[in-house]
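Each chain is listed here by its residues.
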Amino acid sequence: MLIKKPTDIRPSEITSKDVYLNRRTFLGAAAAAGSALAAGQAFPAVIPKERRAKLDDVMPSKYSTDEKQNSYKDVTTYNNYYEFGMRKEDPYRYSQEFEPQPWSVEVSGEAEVTGRFALEDFVKPHTLEERIYRLRCVEAWSMVIPWVGISLADVIKQFKPLSSAKYVVFETLYDPKRMRGQRSRALRWPYVEGLTIAEATNPLPILAVGMYGEVLPNQNGAPLRLIVPWKYGFKSIKGIVSMRFMDKQPRTSWELAAPHEYGFYANVNPEVNHPRWSQARERRIGSDGGTGLSSLFATTQQPTEMFNGYGEHVAHLYEGLNLRQHY
Ligand code: MTE
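Presented here is a report on the structure given in the accompanying data block. Small disclaimer: the values here were computed from a predicted structure and weren't measured. (Residues numbered from 1 in each chain as written. Predicted model: local features only at pLDDT ≥ 70, side-chain atom pairs only at ≥ 80, totals over all residues. Heavy atoms only, no water.)

Let us look at the layout of surface pockets. What the largest pocket holds in volume is close to 480 Å³. Taken together, 27 residues line the largest pocket, and the ones lying closest to its centre are Asn-80, Cys-137, Tyr-191, Gly-233 and Phe-234. With four residues, strand β6 (residues 141–151) is the single largest residue contributor to the lining of the largest pocket. Considered class by class, the residues forming the lining of the largest pocket number 17 nonpolar, five polar and five charged. (1 Å grid on protein atoms, 1.4 Å probe; cavity = no way out; pocket = protein on both sides within 12 Å on 5 of 7 lines; lining within 4 Å. Points joined across faces, edges and corners; volume = space filled by probe spheres on them. Helix = DSSP H or I, 4+ residues; strand = E, 2+ residues; numbered from the N terminus. Nonpolar A, V, L, I, M, F, W, Y, C, P; charged D, E, K, R; others polar.)

Turning our eyes to something else, we now look at the nonpolar core. Judged by nonpolar contacts, the single largest core of 76 residues is most densely connected at Phe-122, Trp-147, Phe-170, Leu-207, Leu-226, Met-243 and Phe-245. For this core, the element with the highest residue contribution is β6, accounting for six residues. The residues touching Trp-147, leaving out its near neighbours within four places in the chain, are Glu-129, Glu-130, Arg-131, Tyr-133, Ile-206, Ala-208, Gly-210, Met-211, Leu-216, Arg-225 and Ile-227. (Core = buried A, V, L, I, M, F, W, Y, C linked by side-chain atoms within 4.5 Å. Buried < 20%, exposed > 50% of the residue type's maximum accessible area, 1.4 Å probe, protein only. Contact = heavy atoms within 4.5 Å.)

Looking now at the packing of aromatic side chains. What the rule picks out here adds up to 16 aromatic pairs. Arranged with centres 5.6 Å apart and planes meeting at 90 degrees, the rings of Phe-264 and Tyr-265 form a pair that is edge-to-face. Tyr-265 matches Phe-264 in its accessibility class, with the two residues each being buried. Put simply, the rings of Tyr-167, Phe-264, Tyr-265, Phe-307 and Tyr-318 touch in pairs and so form one group of aromatic residues. (Phe/Tyr/Trp six-rings, centres within 6.5 Å; stacked < 30°, edge-to-face > 60°.)

Attention now moves to the pairing of strand β13 (residues 281–284). Direction of pairing for β6 relative to β13: parallel, over a ladder of two bridges. Within β13, the position partnered with Trp-141 by the bridge is Arg-283. Two elements, β13 and strand β14 (residues 301–303), share three bridges in a ladder whose sense is antiparallel. Among the inter-strand pairings, Arg-283 is bridged to a residue of β14, identified as Gln-301. (Pairing = 2+ DSSP bridges.)

Spatially, the five strands line up as an open sheet ordered β4-β3-β12-β7-β8, and their pairing is mixed. On the outer flanks of this sheet lie β4 (115–118) and β8 (192–196), each paired with one strand and no other. The sheet shows a mean angle of 20 degrees between the axes of neighbouring strands, direction not considered. With four bridges connecting them, strand β3 (residues 104–109) and strand β12 (residues 240–246) associate as parallel partners. Residue Ser-108 lies in a different strand from β12, and its bridge partner there is Arg-244. (Axes fitted to C-alpha atoms, helices over the stretch in contact; angles between N-to-C directions.)

Before going further, it helps to examine the site of the ligand. Around the ligand sit 17 residues, and of these Asn-79, Tyr-82, Glu-83, Arg-225 and Lys-238 come closest. Between the ligand and Thr-172, the relevant distance is 2.9 Å, taken from a nitrogen atom to a side-chain nitrogen or oxygen of the residue. At 2.9 Å from an oxygen atom of the ligand is found a side-chain nitrogen or oxygen belonging to Arg-225. Judged by its atoms lying within 2 Å of the grid points, the ligand is housed in the largest pocket. A per-class count over the shell around the ligand returns eight nonpolar, six polar and three charged. (Near = heavy atom within 4 Å. Polar contact = N/O pair within 3.5 Å; in protein donor to acceptor, adjacent residues only side chain to side chain. Sits in = over half its atoms within 2 Å of the grid points.)

Here is the structure:
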């Protein structure tokens, strides 16, 4: 159970991109977000409005789907973020007092421009875009989520990778005091994920700072997380503090944990089953029975699409590659 503290809940704020990028206001919004749960119920049906801060100047994107979006509640209370626990409700429960600020990203490795950048400076040169994407988890459930983020390809361009940079590797914050799940050995910490440079410079991946037009909630990876919509969700690493350009393929956390189950590529593929379950179909969260226990018995399933339906944009990246071997 959470220990409840008396607290002042501030009214929600409307945050323009400039204001968002102004540290003090951003911190104010984040503090308001952090304090509300401490005041609140263990697991409220509706997340209090006060915890939410709007982002302004968000451009629409031609890459967005017009499929029915999941509810804010689905997306923010049914999560995988092992740093805060392994049950679906743990990230919501145990991340509320986490303060995702001040925050910086270390850029290193095979690039002309490297260094440590405050989050505000990292985001500032780029346009905030809304990208409504399908998220397909390797566990065979899916959602449709309206992210707000910046193009990873644009970010990468800015750091001028050298020709020796073949991969981009990300790491999550390692701070077991603030992330209780890191006190267990569920995974080897910090969480590591990576993409080939060709994947990372494709127009689809984004670094998300928000969702539903608002600042990203802690449980979804605040303040910065990757979204790669044609790959299983575990590639979309949360709480990013490091971005490294490498000449060699990295060993990612899930590969280290179970190499026969989770490969480096992790492209959504209905024809390559997980060793312990089929990937041919998926359960759209919220479509039948919501996210609770009853959803385990949901019957509304749909076929899994190759590359999660993004083949027209990404299939060319894998021409000539045996996707059964490179799973
Ligand atoms: N990133 C970190 N650092 N730790 C995690 O446990 N889980 C991954 C991914 N990113 C995870 C992570 C998995 S398995 C999925 S399906 C998605 O986050 C879930 O994202 P969501 O909770 O925002 O829907």
